[in-house]
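Inside the fold
Below, each chain spelled out in residue letters.
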Amino acid sequence: MSNAKALSLLFRELGDLRWYQFPLIVLGILVSLLEGIGLFLLVPIIAILLGTSGESETAIVNGIELFDHFLLNFTEYARLAALISCVVVLIVLKNIAQYIDAVSWTWYDAEVNKRIQAKLFARLMANDPRDWGRGPGRSLNTFENQSWRAVDALLGVAAAVVELCGALFFVVLLIILSWQMTLIVFVCGAALYLLVSFLTRRIETLGAELVQTQEEVSTRLWDVLTGLKTIWIFGNEAHEKKQFARVVEKTLSTGVRQEKLSAAVDPIVETIVALLIGAVCLLSIGQDLSALPALVSFILILRRLIPRLQSLISVRVELAAEIASIHNIIPLLDYSQQDDLEKEAAKFEGFETDVLVEGLTYVYDGDEKPALDDVSFDIPLGKIIGIAGPSGAGKSTLVDAICRIIVPYSGRITANGRHISEYRLRDWRKKLGVVSQDIHLFRASVRDNIAYGLHDVTQKEIVAAAKAANAHDFVITHPEGYDRILTENAGDLSGGQRQRLALARALLRKPELLILDEATSALDPLAETLVKEALSARPEGCTVVVIAHRETTLRVADRIVVLEEGRVVQTGTWVELSGAPGLFKRMFQSKD
């Protein structure tokens, strides 16, 4: 994708905010016009002060004859007073417009960043299959670094339009004053452009490298933060320090090289400008006094033109450094594919028939063997189905497919005679209650964690769900009860307590399909019994899928499906499977 197309796509994503740029650009151009006219009026002012205005009676203000004829109607003192008054008014107006312009751009910058962040977060919430390979570290880097840099680059282009228009106006004024000296300026400007072009190509390359190294830092930091206990237990702190220092050093090295090149631009520009002004002054030596007003104004206007040229150069340098960030976020701003599918989907109001899993196959990126390989079985309405199998058999992948977190490569899951992907995702998930093996509790109150995703439940309903999951007793033993704020992922609770809160959260939804993905694996035998009692309190007619290794958990199932290496190898009741040769008997024969 070309840089111009990437910028265009990002601009389009701003929606109605796009049109706010035009009045802001006009306001910025107005600032330049007011400043340029004020500087241009210095020509007649200086001429009057030096007493040379009479030597150019046909044009006191070169090129503005109407204004000139108007001023000739006044005395010399009145003309001077009028000109100075005009300059003062222009300065006041320029500063008012400049303040409004600065405040407006600050507001606009904030609104654009908010819009882009919201779109990125919406894409994250959409669980788009196109994002599954990104990983948390890369996503974190996109939010923390790349989105801001991309917006800066986009707004820099808008600011460049303002500076370009201002620069062109100043150039017109210079030509009016002296086209010969303006020609010298153009020659120097062309040389400067070639030099900056050479530098920006290298800066753009380093910008792409910087995006990649920042992603490595974010990914490494995420791995460390989520694996701190493992690092401490295995005493691998020193190695992790070295690894993190390596990726940070790589990022800093790339950033420093980019900054060195970027920092070289302004001194080069300043040096060329100094040489340019010196050349203009030397060429003007020896001219009569009447040329002095135009020379002074020429130099002042040139001096005010330079910052605009520097801004244009800076924008180009920054764009070269940040264009990689735009390419990074552009693919993530489009979630219309998921949105369109959701709009066209059918409403799901509940389970009316058995759930059928038919020929389900799924392969994770980078893996050769499928996690699910032609898996087929029924989930009868209102029954408890057990899923058994060794680690890596595909049990959790199956849960992800039922919850529509992944999309199978082939095969389908049907409910009420339709593929579940044909139903609205929100409707489908509202009918599910899930307690996964990786329980996540938020840094919020116990009440908010149990009621997560529901906004119209009462305290009475929350307590009832907690009692059904046998969580109420330990919750009320804490002084703050249901108002207790949990620490990061409820690190202040035991594994069993976290399981019970997760189960309460699932039961509160009054699910029609309850999925327990190894929900009892972290509990002791007593707690496991309590979970079974909670299952008896599930909503009437609720279908349950229990995925577990424990014999006592699987005994409650009406039917058990045994998985091995992604395939269904056995199905039947506990009695049927425990009495038949095969994987199930080998897994549980020591417990019979």
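Residues numbered from 1 in each chain as written. Predicted model: local features only at pLDDT ≥ 70, side-chain atom pairs only at ≥ 80, totals over all residues. Heavy atoms only, no water.

Let's talk about the sheet that holds strand E1 (residues 355-362)
With antiparallel pairing, four strands are arranged side by side in an open sheet as E2-E1-E4-E5. Among the strands making up the open sheet, the edge pair consists of strand E2 (372-379) and strand E5 (418-419). Lying on the sheet, helix H12 (residues 395-402) is in contact with E1, E2 and strand E4 (410-415); it crosses E2 at an angle near 65°. (Pairing = 2+ DSSP bridges. Helix = DSSP H or I, 4+ residues; strand = E, 2+ residues; numbered from the N terminus. Contact = heavy atoms within 4.5 Å. Axes fitted to C-alpha atoms, helices over the stretch in contact; angles between N-to-C directions.)

Remarks on the packing of aromatic side chains
According to the stated counting rule, one finds 13 aromatic pairs in the structure shown. Seen in terms of ring centroids, Trp105 and Tyr108 are 5.9 Å apart; in terms of plane orientation they differ by 85°. Their pairing is edge-to-face. Residue Trp105 and its partner Tyr108 are both found in helix H5 (residues 76-125); the two are separated by three residues, about one turn of the helix. With 5.0 Å between their ring centres and 85° between their planes, Tyr362 and Tyr364 make a pair best called edge-to-face. Look at Tyr362 and you get buried, because its relative accessible area is 6%. Counting every residue linked through ring pairs, the aromatic cluster contains Tyr20, Trp105, Trp107 and Tyr108. (Phe/Tyr/Trp six-rings, centres within 6.5 Å; stacked < 30°, edge-to-face > 60°. Buried < 20%, exposed > 50% of the residue type's maximum accessible area, 1.4 Å probe, protein only.)

A look at the pattern of salt bridges
Under the counting rule described, the total for this entry stands at ten salt bridges. In this structure, the salt-bridge partner of Asp16 is Arg115, at a minimum N-O distance of 3.0 Å. A residue pair is termed long-range when its members are at least 10 positions apart, and Asp16 in the loop between helix H1 (3-12) and helix H2 (21-40) and Arg115 in helix H5 qualify at 99 residues. The partner of Asp492 in a salt bridge is Arg484, and the shortest N-O contact between them spans 3.3 Å. The exposure class assigned to Asp492 is partly exposed, which follows from its relative accessible area of 33%. (Salt bridge = Lys/Arg side-chain N within 4 Å of Asp/Glu carboxyl O.)

Some points on the sheet that holds strand E7 (residues 513-517)
If you trace the six strands from one edge of the open sheet to the other, you get E6-E7-E8-E3-E9-E10, paired in mixed fashion. Each edge of the open sheet is held by one strand with a lone partner, namely strand E6 (432-435) and strand E10 (567-572). Taking the axes of each pair of neighbouring strands and ignoring which way they run, one obtains an average angle of 15° across the sheet. Helix-sheet contacts for H12 involve strand E3 (384-388), E6, E7, strand E8 (543-547) and strand E9 (559-564), and the interaxial angle to E7 is about 155°. Along the sheet, helix H17 (residues 495-508) contacts E6 and E7; its crossing angle with E6, the most-contacted strand, is approximately 175°.

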